[in-house]
Every structure is written in structure tokens, then in C-alpha cells.
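Observations on the three-dimensional arrangement
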Amino acid sequence: MDKLLEVREFESITCNEDYRNDSHYKYLNQETFTELENFILAFSENNQADANVMDFLKISVRRHVGKVIQAKNYVGLIQMKNGFQVQILPKVSSSEMEETKKTFLRMLLSMKDFPSKVFNDANLKMDRMNLYEIFINMYIQEVRHLMKKGLRSAYLSVEDNLNYYKGKLIVQEQIKKNLFHKERFYVGYDEFSVNRPENRLIKATLLKLQKVSNSAANIKEIRQLLPHFEMVKPSIHYMKDFSYVVIDRNTKDYEMLMRWSKVFLLDQSFTTFSGYTTARALLFPMEKVFEAYVARNLKRVVADLPWDVSTQDKGHYLFNCPSQFALRPDIVITREHQSTIILDTKWKSLTNQPRQNYGISQADMYQMYAYSKKYNTPEIWLLYPVNEEMQDAEISFESYHQTHRVETKVSLFFVDVTNIEDSLRTLREKLIKGVTLKK
């Protein structure tokens, strides 16, 4: 963890020395650039069936510059074999890296499957910590949370050669080991102990993180935690111990920790891609992160209203016979009198160019029109992240019935992810006010 390159979404990386100080590019030396390129190619090869792989990192050739690597819609951290790290942060309205990291972490915590629920960034020096160190700190906080409730013990099967009889004699081993030691007994018995697989895996993770961390604060906290595991042996056979882990009502406090331990011990990633992992690659699809962040906070903002808010709504298909091509709008709001609003999030930076449809995908508009028809509602909202160019833009598109009544209206709203609650309260007022559209 000796070197770090920080880039934002859509920024480009070059190994061309002539562009080392060019503000349009981030620079990597040839060796590290090639290693990152090989990682991308291997990643793509192992995920050919996944269309989202194109949203990962893009390799292209530019005139005069040569080969470049562009960050796309996956954000997080990749560590090369030589220890060099590439940290990709989302492109949000905040210009400072520290604030961007804080915003990104708040967004991650809103994801249903993200393994951290007790993280507090109040005392973290964000400017001094890269994402990997922050994830280590998340793990530490989860362990501290477990310590408050106490390590769980369990009855474990033990075999031992004792000078007294206990449990059940294992005859075969008794003959083999104690033929000339009649005073000893090779027995098997159950022992109530904290040396259970979950605790062994946590201790092994802490020991590994103590070695790889470069943060004095993280190392200090790990040293403070390890004495609590004095009676626990660190796991040696990770996969074997993970196979023994069962999360139930007695071990629910271990659920997040086991998922983090897999990431750290097995060098796994949180990406949705399958079939490939690499050393310390922690990557997140911003489309999904943005969707989860908006949905979670919107539910809070409209909690006092008599509205039902559902996410990833199911049950509607583009075609009914047979039922094919499922429709999955991100957010469906059902208001009083059963009127419906559809909201769909798109992690894309629009531009103030009406002739180019502001950068809105035509396919997205077809999708919104299908939602309007199948959900029998004229009210559709497309939610995009705000940027300086589209800060105060009021944009909508209307489709009329033959009688000149509004049949479908797609309105755009720009979400400020750094001030999510204030931003969504503005959206709330727009939804309450609405537009009277008679079908």
C-alpha cells in the first residue's frame, strides 16, 4: 500500500510521459499501466456474458496520446500485485476528495447487501485514508460492536489424549497411541468454547489486516481488539471454517463480519460480476448504489404521507401473452385514490444541450413510455445526479392523446447526493403538487 492514484468517474489514465502534467489525464508509469490493462482484460474475459462489464473500465487509443484507460461506472479500489492502488471515486457535485469519499460511503451504506450497519465516519481522517483503509475501519467497528455483546461460544467436538477418562473412548486411536501408555485415554468429547469457526475467522482477518494496513489508527485499534481473542486460534483453513458457519438467530451478529472476512481473507470483491476475483479489488456499480441511496432516503422523506413506496416493483410485463420482458421500475409510489407515480434513477451526467436531448438515452425514454402504459399512469419521473450545468434545469416531455390530453409526462429531477434529504424534500413538494393529468 505504498502508492495510490485517485481518479474520478470518466477520467482517463495514460502512461504517456508527455501528458504527465496534463489536467485532462491521470498518469501511471508503463509497468503499472500494463498491469492495470491486463487486469481489465482478464476481468472482461471472465465476465463476457455480463453486459455490465462494459461499464467497468474502458481501454481505447487516442490520437497523439496513445492507449488510455477510462474509468466508467464502477467505483471503488483496485490494488495491483506490486502494491500500487487505483482508487476510483464517483463524480459528484462536491469538488473535494474528502467530501466525495464521505458522500460515497453514505451511499454505500444505503445498499441492502452492503455488509456494514454500524459504521461511523465522524472520527475518521478521510483525507489520510484510502477506501481500503476505510473498509478496514468498517470491519474494526463491526468487531467492536460484537465485543459489546460478547463472543459467542459453542459446543465443539474435540479429540485429545488425556491422563483421565472423559467423553467417549476412540478405540482405534487408543490402540495406536496408547498401547504402551495404559495410564492415558484417547477420547472424544464436546467442549463449550469460544474457539468456534466464526471467531477463528475474525481473528485471522484481524491478524491479516494488521499486516496490510498502513493506517496507524487502524493498527492501534486492531491491537486493542486482539486480546479479546486470546482463547481463539486463528483460522488456517479458511474455506473449511467458512463451510461451518451458519447464520441463525444465535449468530446474526456475525453475519456482516463473515461477509467482510470473506472479502479480506479470500481477496474477494463486492462486484456483481461472477467467476472472477482479484487481489483487493473492491468495486461497486454506481447505477445500483445511486438507486439504493435515492430509494432509501425517499422512503424517509415521504414516510409521513399516506403513500406506499415500493422498489424494484414486479408483476408487470411488456407483453402479456406470453408474460415476457419483465418491467422493473426502480421506485413505484401509490398515493391515495390508487394513483401511481413511477420514478426511475439513472446515474448519468446530462448536458444542457436540447438538440442532443440533453444526453438522455432514447432507450430510456422508450422504457419510461412502456412504464406509463403498463402502470396506467401519466406521471413518470427520471432522476439524475445534479451537476453545475443542470443545477436549476426544469425539463419535461409530454405525449398527447388524440384528444390533446396529456397521456404521458416524463419529468426530470436532478438529485444532489451530497445534500440528499434537502434535495428529495424538493422532489417531495413537486410530487405533492403534481400536475393534473386526465387520462
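Residue positions are given per chain, counted from 1 along the sequence in the order it is written. Local features in this predicted model are restricted to residues of pLDDT 70 or higher, and side-chain atom pairs are both shown and tallied only at a pLDDT of 80 or more, whereas totals for entire chains, interfaces and linings draw on every residue. Side-chain descriptors were evaluated using all non-hydrogen atoms of the structure, hydrogens and water having been removed beforehand.

Bringing unusual backbone geometry into the picture now. Of note in this structure, His-64 is not a glycine but carries a positive phi near 75 degrees. To sort residues, take the accessible area from a 1.4 Å probe on protein chains only and compare it with the maximum for the residue type: under 20% means buried, over 50% means exposed, and anything in between is partly exposed. The exposure class assigned to His-64 is exposed, which follows from its relative accessible area of 65%. A positive phi angle, near 65 degrees, is found at Tyr-358, a position not held by glycine. Within the fold, Tyr-358 resides in the loop between β16 (340-345) and α10 (362-374). Tyr-358 gets classed as buried once you look at its relative accessible area, which sits at 15%. Numbering goes from the N terminus for both helices and strands, where a helix is a DSSP run of H or I of at least four residues and a strand is a run of E of at least two.

The next subject is the packing of helix α5 (residues 197-212) against helix α8 (residues 255-265). Orientation of α5 relative to α8, taken along the N-to-C sense of each, is 45 degrees, at an axis distance of 10 Å. Here α5 lies oblique to α8, going by the angle between them. The chirality of how α5 crosses α8 is left-handed. Contacts between α5 and α8 involve Glu-198, Leu-201, Ile-202, Ala-204, Thr-205, Lys-208 and Leu-209 from the first element and Leu-257, Met-258, Ser-261, Phe-264 and Leu-265 from the second. Its residues assigned to classes, the contact of α5 with α8 comprises 8 nonpolar, 2 polar and 2 charged. An axis is simply a line fitted to the C-alpha atoms; with a helix, the fit covers only the stretch in contact. Between two such axes, the angle follows the N-to-C directions and lies from 0 to 180 degrees. Here the word oblique covers every angle except those under 35 degrees (roughly parallel), over 145 (roughly antiparallel) and from 65 to 115 (roughly perpendicular). Less than a right angle of anticlockwise turn of the near helix away from the far helix marks a crossing as left-handed, whereas a clockwise turn marks it as right-handed. Between two residues, a contact is recorded if the distance between any of their heavy atoms is within 4.5 Å. Gly is put with the polar residues, along with every residue not named as nonpolar or charged; the nonpolar set is Ala, Val, Leu, Ile, Met, Phe, Trp, Tyr, Cys and Pro, and the charged set is Asp, Glu, Lys and Arg.

One bridge is not enough; two strands pair if DSSP finds at least two bridges between them. Across 4 bridges, strand β12 (residues 308-311) lies against strand β15 (residues 331-334) in antiparallel orientation. By the bridge assignment for β15, Val-309 is matched with Ile-333. Across 4 bridges, β15 lies against β16 in antiparallel orientation. Bridge pairing links Thr-334 to Thr-340 in β16. In textbook terms, the turn of a hairpin is the stretch between consecutive antiparallel strands, and for β15 and β16 this stretch comprises 5 residues, one of which, His-337, has a positive phi near 65 degrees.

To continue, consider the sheet that holds β16. The strand order across the open sheet built from 6 strands is β12-β15-β16-β17-β19-β18, with neighbouring strands paired in mixed fashion. Two strands lie at the open edges of the sheet, namely β12 and β18 (396-400), each paired on one side alone. Pairs of neighbouring strands in the sheet enclose a mean axial angle of 20 degrees, with direction left out of account. Here β18 pairs with strand β19 (residues 406-415) via 5 bridges, running antiparallel. Opposite Glu-398, over in β19, you have Lys-409 as the bridge partner. Across the sheet, α10 is in contact with β16, β17 (379-385), β18 and β19; its angle to β19 comes to roughly 125 degrees.

What follows concerns the packing of helix α9 (residues 286-301) against helix α11 (residues 420-433). Relative orientation and spacing of two packed helices are given, respectively, by the angle between their axes and the distance between those axes. Two elements in contact, α9 and α11, have axes whose closest approach is 10 Å; the angle formed by their N-to-C orientations is 65 degrees. Comparing the axis directions of α9 and α11 gives the class roughly perpendicular. Like other packed secondary-structure pairs, α9 and α11 cross with a definite hand, here right-handed. Residues Tyr-293, Val-294, Asn-297, Leu-298 and Val-301 of α9 touch α11, and the partners they reach there are Ile-420, Glu-421, Leu-424, Arg-425, Leu-427 and Arg-428. Per-class residue counts for the contact of α9 with α11 are 7 nonpolar, 1 polar and 3 charged.

Moving on to the nonpolar core. To qualify as a nonpolar core, a set must consist of buried Ala, Val, Leu, Ile, Met, Phe, Trp, Tyr and Cys residues joined through side-chain atoms within 4.5 Å. If you look at the biggest cluster of nonpolar residues, it comprises 73 residues, and the most contacted ones within it are Phe-135, Ile-202 and Leu-343. For this core, the leading source of residues is helix α3 (residues 131-149), giving 11 residues. With sequence-adjacent residues up to four places away left out, Phe-135 is seen in contact with Leu-105, Leu-108, Phe-114, Trp-260, Phe-264, Leu-282 and Phe-284. If you look at the next biggest cluster of nonpolar residues, it comprises 22 residues, including Phe-33, Leu-36, Phe-39 and Ala-71.

So, about helix α6 (residues 216-225). Of all the positions in α6, only Asn-218, Ile-219, Glu-221, Ile-222 and Leu-225 are classed as buried. Taken around the axis of α6, the buried residues stretch over an arc of 165 degrees, which confines them to a single face. Among the exposed residues of α6, those pointing more than 90 degrees away from its buried face are Ala-216, Lys-220 and Arg-223. Among the structural elements, α3 and α5 are those in contact with the buried residues of α6. As used here, the arc belongs to the directions running from the helix axis to the C-beta atoms.

The next thing to look at is the confidence of the model for the protein chain. Confidence of the predictor in every single residue is expressed as pLDDT, which spans 0 to 100. Mean pLDDT for the protein chain: 84, with 89% of residues reaching 70 or above. Within the model, the stretch residues 272-279 combines pLDDT values under 50 with 25 contacts to residues more than four positions away or in other chains. Segment residues 435-439: pLDDT under 50, and 11 contacts once partners within four positions in sequence are set aside and those in other chains are kept.

Below, the discussion takes up the environment of Glu-398. Among the structural elements, Glu-398 can be located in strand β18. Residue Glu-398 is classed as partly exposed on the basis of its relative accessible area, which comes to 37%. Glu-398 sits 11 residues away from Lys-409 along the chain, and the two C-alpha atoms are 4.4 Å apart. Once residues within four sequence positions are removed from consideration, Glu-398 is found in contact with Val-406, Thr-408 and Lys-409. Counted as a polar contact is a pair of N or O atoms within 3.5 Å, where, for protein atoms, one must be capable of donating a hydrogen and the other of accepting one, and residues adjacent in sequence contribute only when both atoms are in side chains. For Glu-398, the side chain forms a polar contact with the side chain of Tyr-400, separated by 2.8 Å.

Let us now look at the packing of aromatic side chains. Stacked, tilted and edge-to-face pairs are distinguished by plane angle, under 30 degrees for stacked and over 60 for edge-to-face with tilted covering the rest, among Phe, Tyr and Trp rings (Trp via its six-membered ring) whose centres lie within 6.5 Å. Counting across every chain of the model gives 11 aromatic pairs. For the ring pair Phe-319 and Phe-325, a centre distance of 5.9 Å and an interplane angle of 65 degrees mean the geometry is edge-to-face. Cluster of aromatic residues (ring-pair linked, three or more members): Phe-104, Tyr-132, Phe-135, Tyr-139, Trp-260, Phe-264 and Phe-284. Think of it as a cone above the ring: NZ of Lys or CZ of Arg counts as a charge over the ring if it is within 6 Å of the ring centre and within 35 degrees of the ring normal. Above the face of the Phe-242 ring, Lys-262 is positioned so that its terminal group lies 5.5 Å from the ring centre.

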